[in-house]
Structures are given as structure tokens and as C-alpha cells.
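Examining the three-dimensional arrangement
One-letter residues, chain by chain:
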Amino acid sequence: MNKKAEGMKYVPGYYSPKRQVASRLAQYYVSEWDKTRIKMKTKDKKTIIPPTICLSRKIGVGALEIADILAQKIGYTVADREIIEQIAKEGKLREKTVAIFDERYPGIRNEFAALMFGEKSFIMSDYLKQLHNVVLSIAAMGPTIFVGRGTHLILPRDRVLAVRCLGSKAHRAGRLTRILNIKKEEADRTLDRVDAEQKSFFKKFFGKKDASPYEFDLIINCDYIQQPEWAANIVLQAFKEKFSVKI
């Protein structure tokens, strides 16, 4: 194995050492929640969550690059899988913050469970409750682009532009070989591992084997829309049209 990649575990969403550490961004979100909670009490319930972009992806297609380009174009904040996961696992949300969402969106957890599991009896796990609360909290703090973790399934659908970014294993492996400077065989094994982890996550917490195309406003095949800038421009246009946003 290449010395540069030795001992290196691929983290979905990683592509540049210049990105801020997830723990630092997670700490920022947590520190801002109390300020936001106070402001939220005086806001109209209907405007609590601004138009949001949720990018769902096959691991390795470059969705985070697309999100970062979009963020620069429209002034949004990017919340990726690492940030969401860190906050959800550590359980840092205050009860008062969560209570505001229960008040402004009564029954939203039940709606979410019904959407995911239909009439079947379902008890939301502590982790899924926390994930649910984290995503709603971040979305309410300000205009956000989410990457990963099924956020398009959690947020109110009329406030979301849901985009699915996918690509063949060959295309994704090619990107990983360049990003991590590893051989193709290692990239293939890495993708097998992270694909299995992603599949297990969605089955365990959302009861889904795979993402249905009917869940999304837009699907981008990164085998053919290969430049993140191209994809970002497509998403931007769809966002502007769906929410009548002038940018």
C-alpha cells in the first residue's frame, strides 16, 4: 500500500485537509443553539425553517465538493455527515431547544415514523431521536446545505430541495485513488466497506434497503456530470426555480 495511505481510513465526505474539523464545527452549532432558541420564540412558526438543500449520495461521488461550491454561490452553511454524526452521538442538544420544535411542529416525529414505516409499530431509537433533533436544529439556525444521513427524509418536505448524487463504482474508485493516493484495489475495498456501512445505517434507522428515486426532486449521475461546478450549477438552478429565490 502507498505510504501516504498507510493506516488511513477513508471517512465519507472527506476530500480536503483544508476543511474545518467536524468537532470544531459541531461545537459552533451547539454554542449557537441558545441564541437561536431565544430568537425562535418571536418568529412565525411558518418561517422557522428556510428553504434547504439536502444532498444524498453514493459515497465517493463528490457531493461535498458540490455542496461547498453551492454554499459559496448562495451563502449557505454546509452540514455534512461528520458534523451531524458528532452532535447526534454526543447528545448535546438542550431539552429546551428540542421542546421548541415539538411546539412548532407538533407530531413531526409521528409523521416521520409514519412516512418511514407506514402503519407498522415503530419506536424511534434514542440515536434516531437525537439525529432527528440535530437536523431540525441546524436547519432552523439558518440556511443550510445538508450532505448525507437521510436529512431529506427528516425535514419538512416542502422546505427541501432533495438531490441524489450517484455514480458507478468505477467512477467513485477512480476519485478515491486520486484523493487518497492509493491503488485501485484498495479503493475498491474501501468502497465496499463504506457502501456496506451506509446500507446498514439506512436499513437500521430508516427501514430502507436503498434510496428510491421518487424521494428526490433531482438525480445527478456523476459519471456524466463529472465536474462539481457543473452539478452545483444544476442544483442551483433547480433551487432557484423551486423556491423562487433570487440569487
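To start, this report covers the structure provided alongside it. Here the structure is a predicted model, which is why all the values come from computation and not from measurement.

**Looking at the overall build of the protein chain**
Counting its secondary structure elements, the protein chain contains 10 helices and 5 strands. Looking at the protein chain as a whole, 51% of its 247 residues are labelled buried. When contacts within the protein chain are restricted to residue pairs at least 6 apart in sequence, those whose partners lie at least 24 apart make up 81%. If you sum the accessible surface of the protein chain, you get close to 13,100 Å²; carbon and sulfur atoms cover 50% of it.

**Some remarks on the pattern of salt bridges**
Within this structure, the stated rule accounts for 11 salt bridges. Residues Glu65 and Arg175 are paired through a salt bridge, measuring 2.3 Å at the closest nitrogen-oxygen approach. One end of the pair, Glu65, is in helix H2 (residues 63-74); the other, Arg175, is in helix H8 (residues 169-180), with 110 residues separating them in the sequence. You'll find Glu65 and Arg175 in the same group, each marked buried.

**Observations regarding the packing of aromatic side chains**
Per the stated rule, a full pass over the model turns up 6 aromatic pairs. With a centroid separation of 5.7 Å and an interplanar angle of 85°, the aromatic rings of Tyr76 and Phe239 are classed as edge-to-face. Separated by 163 residues along the polypeptide, Tyr76 in the loop between H2 and strand E2 (77-79) and Phe239 in helix H10 (residues 228-243) bring together distant segments of the chain. For the residue pair Tyr76 and Phe239, the accessibility class agrees, reading buried in each case.

**Here's the deal with the side chain of Arg149**
Mapped onto the fold, Arg149 is located in the loop between strand E3 (144-147) and helix H7 (151-154). The class for Arg149 is buried, based on a relative accessible area of 11%. Excluding anything up to four places from it in sequence, Arg149 contacts Arg81, Ile84, Glu85, Tyr127, Leu131, Ile154, Phe201, Phe202 and Phe206.

**Some details on the environment of Val134**
Here Val134 shows up in helix H6 (residues 126-141). Separated by 47 residues in sequence, Val134 and Ile87 have C-alpha atoms that sit 7.0 Å apart.

**Brief notes about helix H9 (residues 184-206)**
Compared with an ideal rise of 1.5 Å per residue, which puts 23 residues at 33 Å, H9 spans 32 Å between its outermost C-alpha atoms and is within 8% of the ideal. Count one or two residues on from H9 and you reach Gly207, which has phi positive near 65°.

**A word on the pairing of strand E5 (residues 218-221)**
Side chains Leu218 and Ile220 of E5 all project onto a buried face; the interleaved residues Ile219 and Asn221 project onto a face where none is buried. The sheet contact formed by strand E4 (residues 160-166) and E5 spans 4 bridges and is parallel. Each bridged residue has a counterpart across the sheet, and for Cys165 the counterpart in E5 is Ile220.

**A closer look at the sheet that holds E4**
In spatial order, the strands read E2-E3-E1-E4-E5; together these 5 strands make up an open sheet with parallel pairing. A single partner strand is all that each edge strand has here, and the edge strands are E2 and E5. Adjacent strand axes in the sheet meet at a mean angle of 20°, parallel and antiparallel pairs treated alike. In this structure, E2 lies alongside E3, joined through 3 bridges in parallel fashion.

**Topic: the pairing of E3**
Successive residues of a regular strand alternate their side chains across the two faces of the sheet. Judged by which residues are buried, E3 turns out to be covered on both faces: Thr144 and Phe146 on one side and Ile145 and Val147 on the other are all buried. Examined bridge by bridge, strand E1 (residues 52-57) and E3 share 3 bridges and lie parallel to one another. When the bridges of E3 are listed, Ile53 appears paired with Ile145.

**Thoughts on the side chain of Thr151**
Checked against the element boundaries, Thr151 lands in helix H7. A relative accessible area of 2% means that Thr151 is categorised as buried. For Thr151, the residues in contact, after removing those within four places along its chain, are Cys54, Ile84, Val135 and Phe146.

**Here we look at the packing of H2 against H10**
Angle between the axes and distance between the axes: these two values describe a pair of packed helices. Orientation of H2 relative to H10, taken along the N-to-C sense of each, is 55°, at an axis distance of 9 Å. Between H2 and H10, the angle falls in the class oblique. Between H2 and H10 the crossing geometry is right-handed. Facing Glu65, Ile66, Ile69, Leu70, Lys73 and Ile74 of H2, the residues of H10 in contact are Pro228, Glu229, Ala231, Ala232, Asn233, Val235, Leu236 and Phe239.

Calculation rules
Residues numbered from 1 in each chain as written. Predicted model: local features only at pLDDT ≥ 70, side-chain atom pairs only at ≥ 80, totals over all residues. Heavy atoms only, no water. Helix = DSSP H or I, 4+ residues; strand = E, 2+ residues; numbered from the N terminus. Buried < 20%, exposed > 50% of the residue type's maximum accessible area, 1.4 Å probe, protein only. Contact = heavy atoms within 4.5 Å. Areas by Shrake-Rupley, 256 points an atom, 1.4 Å probe, with all protein chains shown as cover. Salt bridge = Lys/Arg side-chain N within 4 Å of Asp/Glu carboxyl O. Phe/Tyr/Trp six-rings, centres within 6.5 Å; stacked < 30°, edge-to-face > 60°. Expected span 1.5 Å × (residues − 1). Pairing = 2+ DSSP bridges. Axes fitted to C-alpha atoms, helices over the stretch in contact; angles between N-to-C directions. Parallel < 35°, antiparallel > 145°, perpendicular 65-115°, else oblique. Left-handed = near helix turned anticlockwise from the far one by under 90°.

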